[in-house]
Protein chains: 2
Amino acid sequence: MPERVEVRQSVLKENDRIAGELRQALAGRQTLCLNLVSSPGAGKTSILEGTLDALRQTSVRAAVVTGDIQTERDADRLRRYGFPALQITTGGTCHLDASMVERSLKELPPGGLDILFIENVGNLVCPASYDLGEDAKVVVLSVPEGDDKPLKYPGIFRRARLMLLHKIDLLPYTRFNRDAAIADARRVNPEIEVVETSCLAEPGLGAWLRWIEKRLADKRQTGRPARA
Amino acid sequence: MPERVEVRQSVLKENDRIAGELRQALAGRQTLCLNLVSSPGAGKTSILEGTLDALRQTSVRAAVVTGDIQTERDADRLRRYGFPALQITTGGTCHLDASMVERSLKELPPGGLDILFIENVGNLVCPASYDLGEDAKVVVLSVPEGDDKPLKYPGIFRRARLMLLHKIDLLPYTRFNRDAAIADARRVNPEIEVVETSCLAEPGLGAWLRWIEKRLADKRQTGRPARA
């Protein structure tokens, strides 16, 4: 269906243009921007809740933009930590695009921002194609989803800088092969970094928080978050 | 972007036309067709493995069509049970459409078929919009995904006849509220049926296998699977 492909390509091209502007604007303000992508229910909102909870002990100025097909639930959950949390309700669209993020950022209270988290719509497929002006895509793979995901959804693993192996506390109750998951993620993206996390048990979110801290420091020094 | 909306509407209309033909062809052959939809990693392939394993103790003639973005892994897993399993590799598309299923069915060995399982691409969003000529959509919600999914992804829960509450053995290790999940699913779809399953522990797949048996019997009697 060539019409459909053409429309899609022009949509992606226009998206890339807006994302480029967003990236420049965020760089000008020294704001680190992370775009979190995962399946529905992998744990993005819970990770962000834990992250914001930790950041309120620091001087870091954070904000979240969260995408959802229908409800305002995630922003409600995230607002409790005292940082701005904006909901984008996509009304059926299965991913965020750069223009949605751009419009949403206009609603942020004025003032500097050290870090902007974008919580994408729960979907491992379509969000991979949409640049949102982020410094890094972070793919969250939760253990109960299975270790085959990096090869089944290579697009997002190829484009992510970091994979969070989340709900790692469920390893004993599942058939998840951690080594295979990491090896497969590195097969599609040799440079992907891996951090293990859990919101309910050890090891908690410590390694992820340190990863963010390092990226924030890099951004302040160079304007660009360097690789670990 | 009105062009985009128009293209999408004409795509869906053409899909519905082909799905209607498929539905008629399957009804003519008395084949029950179930379209399984879930997030990536909710457990569709494992459920189908357990189902085919059980069906080979019976006289039921089954086949599976399984959709995937990139790999042939699922069909490989499913072929071990002695039933035909056809892989549709969508090459980036985030859902199956009726024309993909129609083309795929031409590759099935000739002869009657009592049940055709369609395993959709792992995605709670886009597959909801595509009729594949099935008798029923079955949405698989796995416990570790969280109980908020019926309200966050209402489209698929509204269109499903059955919700499998899967990986129910993980209830003690998660914060999943089973009553809330069922109540919310019924809020978007008062007629949805609910069956609890696990591939690794009790209660196993028994209730799901009985649900299929009942649908097969209904289909044989009336040409249409009645509600429970």
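Residues numbered from 1 in each chain as written. Chains lettered and ligands numbered in written order. Predicted model: local features only at pLDDT ≥ 70, side-chain atom pairs only at ≥ 80, totals over all residues. Heavy atoms only, no water.

A. Representation of the overall build of chain A. Scanning chain A for helices and strands turns up eight helices and seven strands. Its C-alpha atoms give chain A a radius of gyration of 17 Å, within 12% of the compact-globule value 17 Å for 228 residues. Counting every position in chain A, which comprises 228 residues, the buried fraction comes to 61%. Excluding contacts between residues fewer than 6 apart, the proportion of contacts in chain A whose partners are at least 24 apart in sequence is 71%. With an accessible surface of roughly 9500 Å², chain A has 48% of that area assigned to carbon and sulfur atoms. Put simply, chain A has 33 plus and 31 minus side-chain charges, and the middle of one group is 2 Å from the middle of the other. (Helix = DSSP H or I, 4+ residues; strand = E, 2+ residues; numbered from the N terminus. Rg over C-alpha atoms; globule rule 2.2 N^0.38 Å. Buried < 20%, exposed > 50% of the residue type's maximum accessible area, 1.4 Å probe, protein only. Contact = heavy atoms within 4.5 Å. Areas by Shrake-Rupley, 256 points an atom, 1.4 Å probe, with all protein chains shown as cover. Lys, Arg positive; Asp, Glu negative; His and termini not counted. Charge placed at Lys NZ, Arg CZ, Asp CG, Glu CD.)

B. Structural context of the interface of chain B and chain A. Taken together, the contact pairs 41 residues of chain B with 41 residues of chain A. For the chain B and chain A pair, buried surface summed over both sides reaches about 3400 Å², with 60% attributable to carbon and sulfur atoms. Summed over the shared surface of chain B and chain A, the number is six salt bridges. Across the salt bridge formed by A:Lys152 and B:Asp68, the nearest N and O atoms sit 4.0 Å from each other. Where chain B packs against chain A, one counts six residue pairs in polar contact (both at pLDDT 80 or more). Those elements that place two or more of their residues in the side of chain B that touches chain A are helix H1 (2-28), helix H2 (44-55), helix H3 (73-79) and helix H5 (149-152) of chain B. Here the residues of the side of chain B that touches chain A sort into 17 nonpolar, eleven polar and 13 charged. (Buried area = accessible area lost by both parts, 1.4 Å probe. Salt bridge = Lys/Arg side-chain N within 4 Å of Asp/Glu carboxyl O. Polar contact = N/O pair within 3.5 Å; in protein donor to acceptor, adjacent residues only side chain to side chain. Nonpolar A, V, L, I, M, F, W, Y, C, P; charged D, E, K, R; others polar.)

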